[in-house]
Amino acid sequence: MHKRFLLCPLLLAVSASSALLGVLAADLSKEPFTIRISCGSFDDVHTAPTNTLWYRDFGYTGGRFANATRPSFIVPPLKTLRYFPLSDGPENCYYINNVPNGHYQVRLFFALVADPNLDSEPIFDVSVEGTLFSSLLSGWSSDDEKTFAEALVFVQDSSLSICFHSTGHGDPSILSMEVLQIDDNAYKFGSLWGKGTVLRTTKRLTCGSGKPAFDEDLNGIHWGGDRFWLGLKTLSSSSDDQPISTENVIAETLLAPNFYPQSMYQSAIVGTDRQPTLSFEMDVTPNKNYSVWLHFAEIDNGITAEEQRVFDVLINGDTAFKDLDIIRMTGERFTALVLNKTVAVSGTTLKITLQPVEGTHAIVSAIEVFEIIPAEMKTLTQEVTALRTLKGSLGLPLRFGWNGDPCIPQQHPWSGVDCHFDNTKRQWVIDGLGLDNQGLRGVIPSDVSKLQHLQSINFSGNSIKGNIPLSLGTIPGLRVLDLSFNELNGSIPESLGQLTSLQTLNLNGNDLSGRVPASLGGRPLHRVRFNFTDNAGLCGIPGLHECGPHLSVAAKIGMAFGVLVAFLFLVVFAACWWKRRQNVIRGQKLAAAREAPYAKSRTQFTRDVQMGKHHRPHETSPRGGNNESSPHLLA
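Residues numbered from 1 in each chain as written. Predicted model: local features only at pLDDT ≥ 70, side-chain atom pairs only at ≥ 80, totals over all residues. Heavy atoms only, no water.

Per an unreviewed UniProt entry, the chain goes by Malectin-like domain-containing protein and derives from Triticum aestivum.

Take a look at the structure:
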């Protein structure tokens, strides 16, 4: 098992050669950006022997954590992983923000879930910045070389996305990831190289040692990206070639932009008398371009001058380099030589042949092969933001995923989203949304209008509530709008009449009310299909009931309040009138009582008595005296 290798935060001890010192002064004045993540871990982890820091992945992604099976190349092993059940969506991503713009090596290690009930080998795809660069196929978990994937990619917007795409065969699982900044010009292979390309590491071999190693193990430095090299003792299955090594210092190593470590050139594989030609063959994806990097140093004590070792390099039978003489090209022994060739491969095999022309035998120190992948053009940022708002507002089920970029990789677009490549903008745009009958229960956000390239919207058969956004009328090319059989309320916005390209408008089966806008109701029906039925409150076109004065909700509330106030006023007025009427009746009764004969005689009698008392100066006793007043009293 390979001893763990990884780059420590401090500058590693390196050769004190004058060439290296010059590189340090010129190019290594700053530390490259580095982040390593232990997937599924609850805590940050440090691994020996370099005390390398691995961050926990909380906040970077979703998914679920589990214990991991022991991977082949990490010692001491990371113990956890993160996996993504299909129920969580077909696309799941890690988002790493605040990444300085530049060139990065992204390396991923994979493992299986250490659970007998889940111990199945998943098959899935991996993308970086929307570009698919790796596919884990059946049998990967039993092949050490296939338990990791690596890509060289440019970061241009201060963030990096690494996504795992389910193919329906098991749940993708990830053990660790490393994002390591390298020189902006690293692996510059020609005119096709640049920010529009991603390099997938197909093969990286160090020859002669037979042991896998990282740049740290080979006394490399930070800016090399801590590359992982598989070790080979022989290129031939029959072992007719042989490894050699030296302890001599190798010149021209650790130079920008690739910073190859010196130790890589201190071993090599050479041909023998029995097999002077060296040959290496590997499987590749057909109809792709590959960048081949070959490393040489003359370390054989039997070769001391020019023309003692001359050979051709052939790739798939075509001569890539003719009459290669390492000492003549480098000027001396023990000096590194790096050659690069870009080739187009039509078949499934890439074969490198080193065929001697003069002298003894061929020699090679290391081999690197990269698949050249055109970087995918991303979706327009404004439209990605709008879709994410729509996802939250509509309560999109978790099974939809909707992570990463909606349109790329093209093999894995978002479910329910139709994409179109805009040649003018050189970006993908969204031209269709098909989310019918998906159990949506939210509201339609006004931000949907930011999807300015939409031609079709189908949200029918859900439980969407709220009003129809006014902003829908600002999507110029909208031809189909189907919001039928939801729970939408309010009125139909007048702005929908501005959609001159609209051919299908289905609003039936909702709780809409008010008058259908004249700009819609009066539109010619040639090749146009509108449906407003099953909305109890809609009116104003044939097939719907006639409209009264159209009042807004506020106006209706105001009118109801006015009626209530008027009713209360009438009640108070009637009460006051009734009270006043009772007082009048009571007064009339009193007046009538005064006018009655009995009442009048009693009144007159009382008055006469009072007057009689007033005019008698000398009142006499009734027993004697004057009886003149008797008749009056009797009367």
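Now, onward.
*Asks:* Is there a simple way to think about the confidence of the model for the chain in this case?
*Replies:* Fine structural detail should not be taken from predicted coordinates in areas where pLDDT scores are low. Of the residues in the chain, 85% reach a pLDDT of 70 or more, and the chain-wide mean stands at 86. Within the model, pLDDT remains below 50 along residues 1-26, and this stretch shows 72 contacts once partners closer than five positions in the same chain are excluded. Within the model, the stretch residues 613-635 combines pLDDT values under 50 with 2 contacts to residues more than four positions away or in other chains. (pLDDT = per-residue confidence, 0-100. Contact = heavy atoms within 4.5 Å.)

*Asks:* Explanation requested: the state of the cysteines in the structure shown.
*Replies:* By definition, a disulfide is the covalent link that joins the sulfur atoms of two cysteine residues. Under the definition given, this model contains 3 disulfides. With its sulfur 2.0 Å from that of its partner, C93 forms a disulfide with C163. Disulfide C93-C163: torsion about the S-S bond near 105 degrees, hence right-handed. One end of the pair, C93, is in strand β6 (residues 91-97); the other, C163, is in strand β11 (residues 159-169), with 70 residues separating them in the sequence. (Disulfide = S-S within 2.5 Å. Helix = DSSP H or I, 4+ residues; strand = E, 2+ residues; numbered from the N terminus.)

*Asks:* Just to check I follow, could you spell out the sheet that holds β11 for this structure?
*Replies:* Across a sheet, strands are paired by hydrogen bonds formed along the backbone, either parallel or antiparallel in direction. Strand order in this open sheet of 4 strands is β6-β11-β8-β9, and the pairing throughout is antiparallel. Both edges of this open sheet fall to β6 and β9 (131-136), since each of them pairs with a single strand only. When the angles between neighbouring strand axes are averaged without regard to direction, this sheet yields 20 degrees. (Pairing = 2+ DSSP bridges. Axes fitted to C-alpha atoms, helices over the stretch in contact; angles between N-to-C directions.)

*Asks:* Whenever I open this one, the environment of D115 confuses me. Can you help?
*Replies:* Tracing the sequence through the fold places D115 in the loop between β7 (102-109) and β8 (123-128). Considered as a pair, D115 and N67 are 48 residues apart in the sequence and their alpha carbons are 7.7 Å apart.

*Asks:* What am I meant to see in the nonpolar core here?
*Replies:* Generally speaking, soluble globular proteins have nonpolar side chains that are buried together. In terms of nonpolar packing, the biggest core is built from 71 residues, with F296, F311, L350 and L354 touching the most fellow members. Looking at which domains feed residues into this core, each of domain 1 (34-181) and domain 2 (200-374) supplies at least three. Those residues in contact with L350, other than ones at most four positions away along the chain, are F280, E281, M282, V284, V292, I315, N316, V343, V345 and V369. Listed in part, the 45 residues of the second largest apolar core include L394, V417, W428 and V448. (Core = buried A, V, L, I, M, F, W, Y, C linked by side-chain atoms within 4.5 Å. Buried < 20%, exposed > 50% of the residue type's maximum accessible area, 1.4 Å probe, protein only. Domains from an automatic or database assignment.)

*Asks:* When you look at the environment of I96 in this model, what are you seeing that I'm missing?
*Replies:* Along the chain, the position of I96 falls in strand β6. On the basis of relative accessibility, which here comes to 1%, the residue I96 falls in the buried class.

*Asks:* Quick question: what am I supposed to make of the pattern of salt bridges here?
*Replies:* Charged atoms that come close allow side chains of opposite charge to pair. The final tally for this structure, using the stated rule, is 22 salt bridges. Close ionic contact of D57 with R82 constitutes a salt bridge, the shortest N to O distance being 2.7 Å. With D57 in the loop between β3 (52-56) and β4 (64-67) and R82 in strand β5 (residues 80-83), the pair connects residues that are 25 residues apart, well separated along the chain. Neither residue differs from the other here; D57 and R82 are each classed as buried. Between E368 and R204 there is a salt bridge, and its shortest N-O distance comes to 2.9 Å. Placement of E368 in strand β26 (residues 366-374) and of R204 in strand β14 (residues 197-207) is noted, with a sequence separation of 164 residues between them. E368 gets classed as buried once you look at its relative accessible area, which sits at 0%. On the accessibility criterion, R204 (3% relative accessible area) is buried. One network of salt bridges, with partners in common, ties together R36, R107, E150, E178, R204, D226 and E368. (Salt bridge = Lys/Arg side-chain N within 4 Å of Asp/Glu carboxyl O.)

*Asks:* Sorry, what's going on with the pairing of strand β13 (residues 176-182) here?
*Replies:* In summary, the side chains of a regular strand alternate between the two faces of the sheet. The element β13 is extensively covered by neighbouring structure, given that 7 of its 7 residues are classed as buried. Here β13 shows a buried face lined by S176, E178, L180 and I182 and a second buried face lined by M177, V179 and Q181. As paired strands, strand β1 (residues 34-38) and β13 are joined by 5 bridges and run antiparallel to one another. Across the sheet, T34 pairs through a bridge with L180, a residue of β13. Inspection of the sheet shows β7 paired to β13 by 7 bridges, in the antiparallel sense. Counterpart to R107 in the pairing with β13 is E178.

*Asks:* Please explain the side chain of H295 as it appears in this structure.
*Replies:* As for its position among the elements, H295 is in strand β20 (residues 288-296). For H295, the side chain forms a polar contact with the side chain of Y265, separated by 2.8 Å. The residues touching H295, leaving out its near neighbours within four places in the chain, are W229, Y260, M264, Y265, L337, V338, V364, S365, A366, I367 and E368. (Polar contact = N/O pair within 3.5 Å; in protein donor to acceptor, adjacent residues only side chain to side chain.)

*Asks:* Would you take a moment to explain the packing of aromatic side chains for this structure?
*Replies:* Aromatic ring pairs are reported here in terms of the distance separating the ring centres and the angle at which the planes meet. Counted according to the given criterion, the structure contains 20 aromatic pairs. Plain terms: the ring middles of F33 and Y104 are 6.1 Å apart, the flat faces sit at 80 degrees to each other, and that makes the pair edge-to-face. One end of the pair, F33, is in the loop between α1 (18-27) and β1; the other, Y104, is in strand β7, and 71 residues separate them in sequence. The class for Y104 is buried, based on a relative accessible area of 0%. Cluster of aromatic residues (ring-pair linked, three or more members): F84, Y94, F110, F124, W140 and F164. The aromatic ring of W229 is capped on one face by R204, whose charged end is 5.5 Å from the ring centroid. (Phe/Tyr/Trp six-rings, centres within 6.5 Å; stacked < 30°, edge-to-face > 60°. Lys NZ or Arg CZ within 6 Å of the ring centre and 35° of its normal.)

*Asks:* How should the side chain of D226 be read in this particular structure?
*Replies:* Tracing the chain through its elements places D226 in the loop between β15 (213-214) and β16 (228-232). Among the polar contacts made by the side chain of D226, one reaches the main-chain amide nitrogen of D215 at a distance of 3.4 Å.

*Asks:* Is there a simple way to explain the sheet that holds strand β30 (residues 480-482) in this structure?
*Replies:* Pairing is mixed in the open sheet, where 6 strands are placed in the order β27-β28-β29-β30-β32-β34. Two strands in the sheet have a free side with no partner beyond their single neighbour: β27 (417-422) and β34 (529-531). Neighbouring strand axes in the sheet, compared pairwise and without regard to direction, differ in orientation by 20 degrees on average. Against the sheet, helix α3 (residues 381-393) engages β27 and β28 (427-434), with an angle of about 30 degrees to β28.

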